[in-house]
2 protein chains.
Amino acid sequence: MTSLDDARPATTEDRTAVSSAATGYPTPAWRKAYRQGSRPDLRVPYREVHLTNGATVPLYDTSGPYTDPDHQPDVRRGLPALRDSWIRQRGDIEEYDGREARPEDDGIKHTSPRGGDLRNLDAVFPGRPRRPLRARDGVAVTQLGYAKRGIITPEMEFVALREGLEPEFVRDEVARGRAVIPVNVNHPEVEPAIIGTNFLVKINANIGNSAVTSSIEEEVEKMTWATRWGADTVMDLSTGRNIHTTREWILRNSPVPIGTVPLYQALEKVDGRAEELSWEVYRDTVIEQCEQGVDYMTVHAGVLLRYVPLTARRKTGIVSRGGSIMAAWCLAHHQENFLYTNFEELCDILRAYDVTFSLGDGLRPGSTADANDEAQFAELQTLGELGRIARAKDVQVMIEGPGHVAMNKIKENMDLQKEICDEAPFYTLGPLTTDVAPGYDHITSGIGAAMIAWWGTAMLCYVTPKEHLGLPNRDDVKTGVITYKIAAHAADLAKGHPGARDWDDALSDARFEFRWEDQFNLALDPETARAFHDETLPAEPAKTAHFCSMCGPKFCSMKISQKIRDEHDGGTSRPKAGGGSSAVASEFDAEALAGMAEKSAEFAAQGNRVYLPLAD
Amino acid sequence: MTSLDDARPATTEDRTAVSSAATGYPTPAWRKAYRQGSRPDLRVPYREVHLTNGATVPLYDTSGPYTDPDHQPDVRRGLPALRDSWIRQRGDIEEYDGREARPEDDGIKHTSPRGGDLRNLDAVFPGRPRRPLRARDGVAVTQLGYAKRGIITPEMEFVALREGLEPEFVRDEVARGRAVIPVNVNHPEVEPAIIGTNFLVKINANIGNSAVTSSIEEEVEKMTWATRWGADTVMDLSTGRNIHTTREWILRNSPVPIGTVPLYQALEKVDGRAEELSWEVYRDTVIEQCEQGVDYMTVHAGVLLRYVPLTARRKTGIVSRGGSIMAAWCLAHHQENFLYTNFEELCDILRAYDVTFSLGDGLRPGSTADANDEAQFAELQTLGELGRIARAKDVQVMIEGPGHVAMNKIKENMDLQKEICDEAPFYTLGPLTTDVAPGYDHITSGIGAAMIAWWGTAMLCYVTPKEHLGLPNRDDVKTGVITYKIAAHAADLAKGHPGARDWDDALSDARFEFRWEDQFNLALDPETARAFHDETLPAEPAKTAHFCSMCGPKFCSMKISQKIRDEHDGGTSRPKAGGGSSAVASEFDAEALAGMAEKSAEFAAQGNRVYLPLAD
């Protein structure tokens, strides 16, 4: 494994470029595999879990080339440009010189007390130089544009193969605006993924540089670490110094769509003074990011001047950073939100690069007390209106949602969003179902996330245990991702998504048949499952024992079940536990227990117990 | 703090009797307080959270006398007999010699390979000797019996004061069988708690001795540790040696109701051979436990011979240990479950001590694939029938529920249970909403637990991260309890339980006003919240900073909100952040920022960031 796996924070000095990406799977039982598409350069990656009984289980995989043994990762070169020929062969884009990078893009012009990490100011991405691409002659080079024109793009075929659905179904969902495929023409490295209520629920992980703890390479490391555990997209929420350069490194090395909040960088360019923001500064920043390859952008165009007073009597006012910035600007100038008044021009820019809108909920509740209030739903109405404008211009659109919402108010959010926003993909943060557990908000929000995803939310933004308290470290990022994979999969299962239940069934079979290794390898986190098991039991004998110590050698509930099956079902309905069947057949024959004496003795030495029994 | 707070496992040698109980609160801001009832000896404990602004927030408290500075804990003496006079003054019970403890009660007669911890075989509880109590002349000394006769007992007044409800409402809910107060006449130490859908959702924590890791004192420690974090009841699921003695120590030191599964001890008495069980051995075990003071017992009387074949085609058969034991007995003898055929006699025994039934779901699903199937719901019908028989005999009844259930099938469980079981309190294990995350089943189940509690479940049995894998340690027990407190409170909030939202509001106010200390102290787990915060920020300056680093000193979303309030609401709707108001009023006045320069500098040195911003 890489230097990622030692606890001390990595530094530029103590590691090679290669090691700054999280490479390899957590278990050798996971292996990279590909489904071949209709053209040689269309190969869809997935994860194959190899079981001890010879079977394999295919799982959706977001880890990119880093888990392919044939790939030599080098974050200084970046990933192969998977989509380059798909994009160019369409013949509707042009290369151009593009906007020249400026010192202020990395926050260098001003002397902000907000500092920044000087180590990396000269760390310009060393990979191949590239000129940006954009649409020729105002053609809509967006997946929505192609879908409306009846074209099934390689990107659509890719996600169809990835989810096991028909390409025509994918095209239709995109054309209806009910799903999006965020793929900027300037991010050819991305492995396309689809976000929509009729597809697997996706999750996003936030990263972002901080002068306190991280270097540019550490941001790349965070990105690959998050995708290794299952993040479908990553948002780069960097502030302070090196925003432009950090983003360049992340984009060139990211196999998943990258999202940003351009307003954060724009605010840096005016030295953190919201009132000094302008459409011109913002537009310049958006173009800068479009040319780099950002796949989707959060835009707080729904925070209207007249909505701001609606937050006055709230318990926690405005908690969205973007929402507060725009509210501050509106109050300082007593003018309408410039993102709203210039929205059509913004659409034209995003359309030229196929950047997807993520319309931000700047007035989302910051406490369960403020959930579902007038301010929140007034903004939602505006987001619906803006979504229609964007789609009319062939720009893909997602809608962001709360926040802090008690369970009884969650469904109303989903139902209203579907109605007001024409079923555009909903992208929610949690929601947190109670405010009383700082330190555990991955759990308070994981509950709400699972529920709202079951009811139709397309993508869930993760929350880590450090939410409200501090900066997440590697373990927090992993815990956040795993928790949200649980919420997303629980929702896929509840929605009856095709194939979702096969994974649960494979693990349940392994459990019933005491295939411990397979239970670990089918787990979302094999490392933790194996470690917890080995904490109280020696590795080998226990992992192959055909009884678990909850019942002990003389008595085993699973063997009783096998016996029942043998008696009433001829044992034909499913294979018996390999090797365990003789013991099974003679459940009550004391003699037959002799054969298990050795295991029994080993086991007795351990106290005969694996589990603390369930309430029972 | 006690030796509990160091990580290494405590041993009998290295600690005093006192230190083997988890004493004291995790923060000095939590203080024990009491509400005085109608009689001098009726004082209801609660937790008072003291805030920096002088306010206090009262919270439900399960930690017992161990957190009262006036109490000198000594696990060798046990807790004061709080209810002794309440019980005796009713004049309907008698002392008697009771059943004599036998070696086999502690599993000493046989030479099971299942071993046991020999250290403690002579550790008979040294506290005051006591003769057991039971009902005189077949009087119903149960809370249900009193409630039906229109009597409001001190126990009912106690729980009414504890939950802020009317005693008559409590009596009525108990009389209808919609709530239970598990209080054995032989467990006078217990602080009464009520379990019912119209009361605060309760949680149970499982403990149980294991020859591998724990001594009797460590079990007492686990119990006090679990209640310190919020466990409302504790189930002692001990097996192997010292079952009787361990239970005695736990009961004499427990401020919460104790539940057991008598079948486990009965199985030990027949050396783990299910087929050798008999009604006589079981009845003897039940009487032994009734006399010790067990408050509720799980009884698997619903596993009928004819239901067993229904599990044959299941993916994971029978996973309930008690269910498997009874299925094995039924198959071995081809006779009906002796718990079912002798149920009325069992009711008469429990009635004499006011022991509450927890009718076990022996056929609950062990995988989402098996959820809501014929076997599970057939047993539920029988549990409903048995519940009516028990209540007719004035015995209190809870019904146990699953298990592993995908989100879309959870509500059906709740609705059917209400209908079939006449709204008797539902007591569920999770349910786990997916099978694919061993190592994180506190989360897969916390999601289902929150949902089913919102829909009406009265008590949730916790699941720890070690579920399916190993023995929970202290940290696992704490994580399980905190996760389930989150689920329970999220449900109280969603149900609109009186007063539930005050806690969330108090924390949200503290968050809005940057009262960091109050945010920590109002958290379910102040230690973790404070530790996470201090990981990335120096303690004092940051805790008093009136901006958080997500926005930095020049820009603060909370201050914007204050300004909005000042402009549009005269700032009258709520107090301003103490000390922050001057900065607030002149948000856009560069001069006024000078006053914050010092904090700003300290903060800049930290990189100006506390949070990794939310997706936004």
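These figures come from a predicted structure and were not determined experimentally.

Caption draft 1: Structural detail: the sheet that holds strand β8 (residues 202–207) of chain A. Residues and elements named next belong to chain A. Overall, parallel pairing links the 8 strands, which are arranged β8-β9-β10-β11-β12-β13-β14-β15 in a closed barrel. Strand-to-strand twist of the sheet, defined as the mean angle between neighbouring strand axes without regard to direction, takes the value 25 degrees. Running over the sheet, helix α6 (residues 243–253) touches β8, β9 (233–236) and β10 (258–260) and is turned about 155 degrees from β10. Packed onto the sheet, helix α12 (residues 374–392) meets β12 (356–359) and β13 (397–401) and runs at close to 170 degrees relative to β13.

Caption draft 2: The confidence of the model for chain A, seen in detail. Residues and elements named next belong to chain A. Mean pLDDT over chain A stands at 85; residues scoring 70 or higher make up 82%. Every residue in residues 571–616 is under pLDDT 50, and counting partners more than four places away or in other chains gives 126 contacts. Our summary of model confidence lists the complex with pTM equal to 0.89 and ipTM equal to 0.88.

Caption draft 3: Inspection of the relation of the copies chain B and chain A at higher detail. Once chain B is rotated about the relating axis by 180 degrees and shifted along it by 0.0 Å, it coincides with chain A to within an RMSD of 0.0 Å. The relationship between the two copies is best expressed as a two-fold rotation axis. When C-alpha distances to the rotation axis are compared across chain B, the minimum falls at B:Ile447, with a value of 2.4 Å. Take the interface residues of chain B: 100% of them recur as interface residues in chain A, which is what a same-surface contact looks like.

Caption draft 4: The layout of surface pockets, seen in detail. In this structure, the largest pocket spans a volume of roughly 890 Å³. In terms of lining, the largest pocket is formed by 36 residues, of which the most central are A:Asp475, A:Thr479, A:Phe532, B:Tyr440 and B:Thr479. A per-class count over the lining of the largest pocket returns 10 nonpolar, 10 polar and 16 charged.

Caption draft 5: Representation of the pairing of strand β14 (residues 426–429) of chain A in the model. Residue and element names in this part refer to chain A. Judged by which residues are buried, β14 turns out to be covered on both faces: Phe-426 and Thr-428 on one side and Tyr-427 and Leu-429 on the other are all buried. In terms of handedness, the path from β13 via helix α13 (residues 410–420) over to β14 forms a crossover that is right-handed. As paired strands, β14 and strand β15 (residues 459–461) are joined by 3 bridges and run parallel to one another. Looking at the pairing, Leu-429 lines up with Cys-461 of β15. Note on the crossover from β14 through helix α14 (residues 441–454) to β15: the handedness is right-handed.

Caption draft 6: Structural detail: the nonpolar core. Counting 310 residues, the largest nonpolar core has A:Phe357 and B:Phe357 as its most contacted members. With residues near it in sequence (within four places) discarded, A:Phe357 still touches A:Met297, A:Val299, A:Phe343, A:Leu346, A:Cys347, A:Leu350, A:Ala390, A:Val395, A:Gln396, A:Val397 and A:Met398.

Caption draft 7: Representation of the UniProt feature "binding site: Zn(2+)" (unreviewed entry) in chain A within the structure. The positions UniProt marks with the feature "binding site: Zn(2+)" (unreviewed entry) are A:His404 and A:His468. A maximum C-alpha distance of 12.3 Å is found for the annotated residues, which run over 65 residues; spatially they form one tight group. With respect to the helices and strands, A:His404 occurs in the loop between β13 and α13. On the basis of relative accessible area, A:His404 is assigned to the buried category, the value being 7%. Apart from residues no more than four positions distant in its own chain, A:His404 is found in contact with A:Pro365, A:Gly366, A:Ser367, A:Thr368, A:Ala371, A:Leu432, A:Asp435, A:His468 and B:Arg511. With respect to the helices and strands, A:His468 occurs in the loop between β15 and α15 (474–494).

Caption draft 8: Focus on the interface of chain B and chain A. Opposite the 140 residues of chain B that make contact, chain A presents 141 residues. Both faces combined, the contact of chain B with chain A buries some 12000 Å², and carbon together with sulfur accounts for 63% of it. Connecting chain B to chain A are 4 salt bridges. Close ionic contact of B:Lys315 with A:Asp509 constitutes a salt bridge, the shortest N to O distance being 2.9 Å.

Caption draft 9: Structural context of the side chain of A:Asp61. Residue and element names in this part refer to chain A. Assignment of secondary structure puts Asp-61 in the loop between β3 (56–59) and α1 (84–89). A distance of 2.6 Å separates a polar atom in the side chain of Asp-61 from a polar atom in the side chain of Ser-63. Once residues lying within four places of it in the same chain are set aside, the contact partners of Asp-61 are Tyr-25, Lys-32, Tyr-46, Arg-47, Thr-67 and Arg-162.

Caption draft 10: Focus on the packing of helix α7 (residues 262–269) of chain A against helix α9 (residues 321–333) of chain A. All names here are of chain A. Packing of α7 against α9 leaves a shortest axis separation of 10 Å and a crossing angle of 50 degrees. Taken together, the axes of α7 and α9 lie oblique to each other. Crossing handedness for the pair α7 and α9: left-handed. For the pair α7 and α9, contact is made by Leu-263, Tyr-264 and Leu-267 and by Arg-321, Gly-322, Ile-325 and Met-326, respectively. Split into classes, the residues belonging to the contact of α7 with α9 amount to 5 nonpolar, 1 polar and 1 charged.

Caption draft 11: Looking closely at the pattern of salt bridges. On inspection of all chains with the given rule, the structure shows 94 salt bridges over all chains. Across the salt bridge formed by A:Glu155 and A:Arg83, the nearest N and O atoms sit 3.0 Å from each other. Highlighted residues: A:Glu155 in helix α3 (residues 154–163) and A:Arg83 in the loop between β3 and α1, separated in sequence by 72 residues. The residues A:Glu155 and A:Arg83 share a single accessibility class, namely buried. In this structure, B:Lys202 engages B:Glu163 in a salt bridge whose closest nitrogen and oxygen atoms are separated by 2.5 Å. Here B:Lys202 is found in strand β8 (residues 202–207), whereas its partner B:Glu163 is found in helix α3 (residues 154–163), with 39 residues between them in sequence. Residues B:Lys202 and B:Glu163 agree in their burial class; the two are buried.

Thresholds applied
Residues numbered from 1 in each chain as written. Chains lettered and ligands numbered in written order. Predicted model: local features only at pLDDT ≥ 70, side-chain atom pairs only at ≥ 80, totals over all residues. Heavy atoms only, no water. Pairing = 2+ DSSP bridges. Helix = DSSP H or I, 4+ residues; strand = E, 2+ residues; numbered from the N terminus. Axes fitted to C-alpha atoms, helices over the stretch in contact; angles between N-to-C directions. Contact = heavy atoms within 4.5 Å. pLDDT = per-residue confidence, 0-100. Least-squares fit on C-alpha atoms with pLDDT ≥ 70 in both. 1 Å grid on protein atoms, 1.4 Å probe; cavity = no way out; pocket = protein on both sides within 12 Å on 5 of 7 lines; lining within 4 Å. Points joined across faces, edges and corners; volume = space filled by probe spheres on them. Nonpolar A, V, L, I, M, F, W, Y, C, P; charged D, E, K, R; others polar. Buried < 20%, exposed > 50% of the residue type's maximum accessible area, 1.4 Å probe, protein only. Right-handed = clockwise from strand over helix to strand, strands pointing away. Core = buried A, V, L, I, M, F, W, Y, C linked by side-chain atoms within 4.5 Å. UniProt positions renumbered as here; feature names shortened; annotations may be inferred. Buried area = accessible area lost by both parts, 1.4 Å probe. Salt bridge = Lys/Arg side-chain N within 4 Å of Asp/Glu carboxyl O. Polar contact = N/O pair within 3.5 Å; in protein donor to acceptor, adjacent residues only side chain to side chain. Parallel < 35°, antiparallel > 145°, perpendicular 65-115°, else oblique. Left-handed = near helix turned anticlockwise from the far one by under 90°.

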